[in-house]
Amino acid sequence: MSSNQQKKQTNVSSVIEFKSSTFFAPILILFDNDIAAIELALQEKIQQAPEFFKNSPLIIDVSESNKLDCAINIADIANVLRKIGLFPVGIRGGNGQQNTQARALFIPIDTARTAGSKISDENTQKQSSVNKPSEPEKEIIEEPVVTPQSTPEPTTETTLITQPVRSGQRIYASGDLIIMSQVSAGAEIMAEGNIHVYNTLRGRALAGVQGKTDARIFCLDLQAELISIAGDYKIYEDLNKQISKKPVQIYLKDHALIIQEII
Amino acid sequence: MARIIVVTSGKGGVGKTTTSAAIAMGLAKKGHKTAIIDFDVGLRNLDLIMGCERRVVYDFINVINGEASISQALIRDKNCNLLYILPASQTRDKDALSKEGVGRVLEELSQEFKYIVCDSPAGIEKGANLALYYADDAFVVTNPEISSVRDSDRMLGLLSSKSRRAERNEEPIKEYLLLTRYDPSRVKSGEMLALDDVQEILSLQLLGIVPESKSVLTASNAGIPVILDEKSEAGQAYEDIVARYLGEERPHRFIDGKRGFLKMLFGGRS
Ligand SMILES: Nc1ncnc2c1ncn2[C@@H]1O[C@H](COP(=O)(O)OP(=O)(O)OP(=O)(O)O)[C@@H](O)[C@H]1O
Ligand SMILES: [Mg+2]
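For the structure given in this document, a descriptive report is provided here.

What counts, and at which threshold
Residues numbered from 1 in each chain as written. Chains lettered and ligands numbered in written order. Predicted model: local features only at pLDDT ≥ 70, side-chain atom pairs only at ≥ 80, totals over all residues. Heavy atoms only, no water. Contact = heavy atoms within 4.5 Å. Buried area = accessible area lost by both parts, 1.4 Å probe. Salt bridge = Lys/Arg side-chain N within 4 Å of Asp/Glu carboxyl O. Polar contact = N/O pair within 3.5 Å; in protein donor to acceptor, adjacent residues only side chain to side chain. Helix = DSSP H or I, 4+ residues; strand = E, 2+ residues; numbered from the N terminus. Nonpolar A, V, L, I, M, F, W, Y, C, P; charged D, E, K, R; others polar. Axes fitted to C-alpha atoms, helices over the stretch in contact; angles between N-to-C directions. Parallel < 35°, antiparallel > 145°, perpendicular 65-115°, else oblique. Left-handed = near helix turned anticlockwise from the far one by under 90°. Buried < 20%, exposed > 50% of the residue type's maximum accessible area, 1.4 Å probe, protein only. Patch = residues over 30% accessible without salt bridge, like charges linked within 9 Å, V, L, I, M, F, W, Y side chains within 5 Å. Areas by Shrake-Rupley, 256 points an atom, 1.4 Å probe, with all protein chains shown as cover. Pairing = 2+ DSSP bridges. Expected span 1.5 Å × (residues − 1).

**Comments concerning the interface of chain B and chain A**
By a widespread convention, an interface's size corresponds to the accessible area lost as its parts come together. Facing 14 residues of chain B, the contacting portion of chain A comprises 15 residues. Between chain B and chain A, the buried area comes to about 1100 Å², and carbon and sulfur atoms account for 33% of it. Looking at the side of chain B facing chain A, the largest losses of area belong to Arg150(B), Asp153(B) and Arg154(B), adding up to 40% of the total buried there. Inspection of the region where chain B meets chain A yields four salt bridges. Of the charged contacts, one joins Asp153(B) and Arg166(A) as a salt bridge, the two residues approaching to 2.9 Å between their closest N and O atoms. Inspection of the chain B/chain A interface yields nine residue pairs in polar contact (both at pLDDT 80 or more). Listed by contribution, the elements that provide at least two residues to the side of chain B that touches chain A are α7 (146–161) and α10 (195–202) of chain B. Top element by residues in the side of chain B that touches chain A is α7(B). It accounts for eight residues. A per-class count over the side of chain B that touches chain A returns five nonpolar, four polar and five charged.

This is the structure:
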């Protein structure tokens, strides 16, 4: 036994390593505790963009529903989420009982922002509860191209990417994001500010991910799987195919994405 | 120092092992001492294609675990004495591979060899990740179909972010496209993507197009890399690929049916 222990001791420093990282997960804001209705709404959303939601980690935000006196049972909602292929990885805005339920399910409690959750657009309607597929929480970037800054303050810093952004890669910029190369289908680029793509945009592009509604997306050829500004989005099916192969800009007007040719 | 080439694809069955065997043989025939490593632990078939399956004593995992030395495990090719094969284990599982172990083996091989060709398994799991981790060059093998192109794109993402070069912020891995099993008649009929379609998505330096060819199967059944079948189109395509990789400029062939058709016409006359 002692030799075993000794062996353990010599290896102990090499068995683990801590690396600083951030974790990305969309937030699901609940406005009701009607499980069946939530499930239905989720299924609808997922059908629109199955790739987007597939196996996605998710943070459950119950602060809104609690305000409306519709405290939901965490076990119930976690069940529904897992059933449809989503992974709840955190809860925020829960009351004491909900936090206890979460703990029992090994779902971490996000206390940092529990008090006043950082939803910038107050007038978000019920409909758009899942409309924020990619509000950056802490992010995990599968294949980081850019290491995101963890400073929460808005920054004007611009991130410049010169290589192609390939399928499976995610980029998060805390300011503006400029990409000189193509963005492949299956790639995801996100910025708190504007996004410029000086090539073909085939993946997902999400600008203004912290709620900046005047953020814009620019690209030379729009074939995106999804475009989103401040949580409002359009998927490829909804895009007018006429505008492909032309430089366009995308901006938000009264919660609708406007796609406009740049002459 | 050796140049480490990973032959990779993401998608399975697109021709990685065929390609690995062919280019390793091609490099060796050009006078470069070359080693080829099978990273497909549990599913080895490189040794079949190289025709050395009956001479396997030790394998890659044995070397990693220190149960055999590299020179004990390396098998000298029967057709070319500058080519050596490090076979995969059929009996272990992938977890036997470790980043550190693979690094040690590559380091040692680098002392002696000019090129090391790593035949990657399909997928984006551990084996594929380890095969690409130490690479200097990547041969991205792609078939002209959308799922293969998508997987190659995914692989390119991993190459540019999950390799040692990426981690160390060194010059990125050089990426080359090899479009294999290309069938111009099926491209014409719209069943397959054309070269241009593939390039629109991947935009990579094209090293060569390998046409769909029966000689590939014949060669692999005989345990001889197809590049040694100099009469076959696939053999010639791989020969071009090796030459281009080594810096020679050669026009691309086998892109459309015309050439083959013309050759048929004029070849018959002369
Ligand atoms: N140019 C070609 N023409 C015809 N058949 C081919 C060609 N290239 C490969 N093949 C055939 O395709 C099959 C798969 O080839 P190979 O084993 O080289 O692929 P792989 O990518 O290594 O597969 P895996 O992902 O399983 O390792 C084999 O039967 C091979 O003979
Ligand atoms: Mg293979």
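Let us keep going from here.
**Quick word on the pattern of salt bridges**
In the structure shown here, the tally under the stated rule is 27 salt bridges over all chains. Note that Glu64(A) is salt-bridged to Lys67(A), the shortest N-O span being 3.3 Å. Here Glu64(A) and its partner Lys67(A) are both found in helix α4 (residues 63–67), three residues apart, which amounts to about one turn of the helix. The shortest N-O distance in the salt bridge between Asp240(B) and Arg244(B) comes to 3.6 Å. Of the two residues, Asp240(B) and Arg244(B) both sit in helix α12 (residues 233–245), four residues apart, roughly one turn of that helix.

**Observations regarding the packing of helix α2 (residues 35–48) of chain A against helix α5 (residues 74–83) of chain A**
Residue and element names in this part refer to chain A. Two elements in contact, α2 and α5, have axes separated by 10 Å at closest approach and are oriented at 25°. Classified by the angle their axes make, α2 and α5 are roughly parallel. Where α2 crosses over α5, the handedness of that crossing is right-handed. Along the contact surface, α2 presents Ile35, Ile38, Glu39 and Leu42, while α5 presents Asp76, Ile77, Val80, Leu81 and Lys83. Split by residue class, the contact of α2 with α5 holds six nonpolar, no polar and three charged.

**Describing the environment of Pro26(A)**
All names here are of chain A. Mapped onto the elements, Pro26 comes out in the loop between α1 (2–15) and β1 (27–29). On the accessibility criterion, Pro26 (4% relative accessible area) is buried. Distance from Pro26 to Ile60, taken between C-alpha atoms, is 8.8 Å for residues 34 residues apart in sequence.

**Some words on the side chain of Gln223(A)**
Mapped onto the fold, Gln223(A) is located in the loop between β10 (217–222) and β11 (226–229). Within the structure, the side chain of Gln223(A) is placed 3.0 Å from the side chain of Asp221(A), a separation counted as a polar contact. With residues up to four places along the chain from it excluded, the contact list for Gln223(A) reads Thr200(A), Leu201(A), Arg202(A), Tyr236(A), Ser244(A), Lys245(A) and Glu200(B).

**Some details on a nonpolar patch on the surface**
The grouping of Leu160(A), Met180(A), Tyr198(A) and Leu220(A) at the surface amounts to a nonpolar patch, some 380 Å² of accessible area in total. With a relative accessible area of 40%, Leu220(A) lands in the partly exposed category.

**Quick look at the pairing of β10(A)**
Residues and elements named next belong to chain A. In terms of strand pairing, strand β8 (residues 195–201) meets β10 through five bridges, oriented parallel. The residue of β10 that forms the bridge with Thr200 is Asp221. As defined by bridge partners, β10 adjoins strand β13 (residues 248–253) across three bridges and the pair is classed as antiparallel. The residue of β13 that forms the bridge with Ile217 is Ile250.

**What about helix α1 (residues 16–29) of chain B?**
All names here are of chain B. Its 14 residues give α1 an end-to-end C-alpha distance of 20 Å, which sits within 8% of 20 Å, the value for a rise of 1.5 Å per residue. With respect to burial, α1 is a largely interior element, 12 of its 14 residues being buried. The complete set of buried residues in α1 reads Lys16, Thr17, Thr19, Ser20, Ala21, Ala22, Ile23, Ala24, Met25, Gly26, Leu27 and Ala28. One or two residues past the end of α1 sits Gly31, with phi positive at roughly 100°.

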